[in-house]
Amino acid sequence: MPTPPLHQVLQHLHAGRWTAAHDLVQHDGSMLGAWLHGILHLQEGDLEDAENWYDRAGRHFRSRGTLAEELALFEAALAVSLSPDSERS
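Novice: I'm lost on the overall build of the protein in this one. Help?
Specialist: Secondary structure assignment for the protein yields five helices and zero strands. Start at the N end of the protein and walk to the C end: the helices and strands fall as α-α-α-α-α. For the protein, whose C-alpha radius of gyration is 13 Å, the value lies close to the compact-globule estimate of 12 Å for 89 residues. The principal-axis extents of the C-alpha atoms in the protein amount to approximately 35 × 25 × 20 Å. Counting across all 89 residues of the protein, residues that qualify as buried make up 30%. Carbon and sulfur atoms form 54% of the exposed surface of the protein, whose accessible area is close to 5500 Å². Measuring between centres, the 6 positive side-chain charges of the protein sit 3 Å from its 13 negative side-chain charges.

Next comes the structure, spelled out in structure tokens:
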């Protein structure tokens, strides 16, 4: 089974391959993709672009958690979005 694109982005991010992660996430137009794009810019220290992507994701940049907290929240949200139960809602 192929790895979903946002999971691939996470794999690159966790491996320190930020350019590959960034290149891949740019092709995802979802709200989750925008949030992860913001997290990548946060990791890179590019706060202006991070805030822009958080806005696109409908997230509050100034009340975000730490990078580790944001990644944990993102991964939980991604898991919920991919679970069969989420399609019934």
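Novice: Looking at this structure, how should I read the nonpolar core?
Specialist: A general feature of soluble globular proteins is that nonpolar side chains tend to end up buried together. Ranked by size, the top nonpolar core spans 21 residues in total, and within it Leu6, Val9, Trp35, Leu36, Ile39 and Phe74 carry the most contacts. Of all the secondary structure elements, the ones that give two or more residues to this core are helix 1 (5-14), helix 2 (18-25), helix 3 (31-44), helix 4 (47-56) and helix 5 (67-82). Sort the elements by how many residues they give to this core and helix 3 lands first, with seven residues. With residues up to four places along the chain from it excluded, the contact list for Trp35 reads Tyr54, Ala57, Arg59, Glu70, Leu73, Phe74 and Ala77.

Criteria and cut-off values
Residues numbered from 1 in each chain as written. Predicted model: local features only at pLDDT ≥ 70, side-chain atom pairs only at ≥ 80, totals over all residues. Heavy atoms only, no water. Helix = DSSP H or I, 4+ residues; strand = E, 2+ residues; numbered from the N terminus. Rg over C-alpha atoms; globule rule 2.2 N^0.38 Å. Buried < 20%, exposed > 50% of the residue type's maximum accessible area, 1.4 Å probe, protein only. Areas by Shrake-Rupley, 256 points an atom, 1.4 Å probe, with all protein chains shown as cover. Lys, Arg positive; Asp, Glu negative; His and termini not counted. Charge placed at Lys NZ, Arg CZ, Asp CG, Glu CD. Core = buried A, V, L, I, M, F, W, Y, C linked by side-chain atoms within 4.5 Å. Contact = heavy atoms within 4.5 Å.

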